[in-house]
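A look at the structure
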Amino acid sequence: MKNETFIKYFYILPFSGEARSKPFITAFFFLIYVVGVLINSSIITVICLEVQLHKPMYLFICNLSIVDIFYTSVTVPKLLHMLLSGNHIVSSAQCYTQLYFFLAISIAEEILLFTMSYDRYLAICDPLHYHHILSERNCFLITFGIWVVAFLDSSVIATSALHMSSCHSNIIHQFYCDLKSLTMSTCKSTQLFFIVAGLEI
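Residues numbered from 1 in each chain as written. Predicted model: local features only at pLDDT ≥ 70, side-chain atom pairs only at ≥ 80, totals over all residues. Heavy atoms only, no water.

Here's the deal with the overall build of the protein
- Assigned secondary structure in the protein consists of seven helices and five strands.
- Looking at the protein residue by residue over its 201 residues, the buried ones come to 37%.
- When contacts within the protein are restricted to residue pairs at least 6 apart in sequence, long-range pairs at least 24 apart make up 75% of them.
- Accessible area of the protein: about 12,100 Å², with a carbon and sulfur share of 67%. (Helix = DSSP H or I, 4+ residues; strand = E, 2+ residues; numbered from the N terminus. Buried < 20%, exposed > 50% of the residue type's maximum accessible area, 1.4 Å probe, protein only. Contact = heavy atoms within 4.5 Å. Areas by Shrake-Rupley, 256 points an atom, 1.4 Å probe, with all protein chains shown as cover.)

Rendered as structure tokens:
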């Protein structure tokens, strides 16, 4: 029987290349991060300032840009810190916090994309009721609901992940703390975790 413990820290191994290639990798990821944030910030600014773009689809596009900014902000800054400092040790609290926000953003994106497809469905198949169904009030309620559901769902998964005990390596072969890597390091997990996460291991 394997010894079960609670991991206090994780060791993240994002890349297996030589140390001399790290400055190029760091510069590359930093450039992508800055460009991504600037482009998405520009989209948000234009949609907010231009009155003609205050329509349901553009509101959802604005939220999608926010999702993209959060996506990269949850993972890339920590990756850059690890590459620059050479310290690949991440505490358990940091790892599960990153997992929580990454899951929340992922869930929000999925629901948002579904909502955007429903918006196009209504615009094409039911144009007469489009403005009634997707009124300004309803759009803000839908947007608020998306974020509430995303963070609540993520909290359920992250909380159940916290109750997992580990008997395997605490090394994560990934550049962030993802659900699959954390699950692979465990030997005992709650049934709720597998039901909610939908994993088959």
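Describing the sheet that holds strand β2 (residues 89–91)
- Pairing is mixed in the open sheet, where three strands are placed in the order β2-β1-β4. Since the sheet does not close on itself, it has two edges, and those belong to β2 and β4 (171–172), each with one partner.
- With three bridges connecting them, strand β1 (residues 9–12) and β2 associate as antiparallel partners. What sits directly across from F10, in β2, is V90.
- In the packing of helix α3 (residues 92–125) onto the sheet, contacts are made with β1, β2 and β4, and the angle to β2 comes to roughly 80 degrees. (Pairing = 2+ DSSP bridges. Axes fitted to C-alpha atoms, helices over the stretch in contact; angles between N-to-C directions.)

Some thoughts on the state of the cysteines
- Tallied over the entire structure, the rule returns one disulfide.
- Here C95 pairs with C177 through a disulfide, and the sulfurs are 1.9 Å apart. In this structure, the disulfide formed by C95 and C177 twists by about -120 degrees around the S-S bond and is classed as left-handed. Linking C95 in helix α3 with C177 in the loop between β4 and α6 (179–184), this pair joins segments that are 82 residues apart in sequence.
- With no disulfide of its own, C62 lies closest to C48 among cysteine sulfurs, the gap being 4.5 Å.
- Under the relative-accessibility criterion, C62 is labelled buried at 8%. (Disulfide = S-S within 2.5 Å.)

Some details on the UniProt feature "transmembrane region" (unreviewed entry) in the protein
- Per the UniProt record, "transmembrane region" (unreviewed entry) is annotated on residues 24–49, 56–79, 99–118 and 139–162.
- Helix makes up 100% of residues 56–79 and strand 0%, and the two end C-alpha atoms of the span are 35 Å apart.
- Counting secondary structure, residues 139–162 comes out at 100% helix and 0% strand; the distance between its end C-alpha atoms is 35 Å. (UniProt positions renumbered as here; feature names shortened; annotations may be inferred.)

Description of the nonpolar core
- Residues V67, C95, L99, L112, I172 and L182 are the most contacted members of the largest nonpolar core, which totals 40 residues.
- Counting only elements with at least two residues in this core, the list comes to β1, α2 (56–85), α3, α5 (136–162) and α6.
- For this core, the leading source of residues is α2, giving twelve residues.
- For L99, the residues in contact, after removing those within four places along its chain, are A161, C177, D178, L179 and L182.
- The next biggest cluster of nonpolar side chains, apart from the first, holds five residues, and it includes I44, I47, L53 and C62. (Core = buried A, V, L, I, M, F, W, Y, C linked by side-chain atoms within 4.5 Å.)

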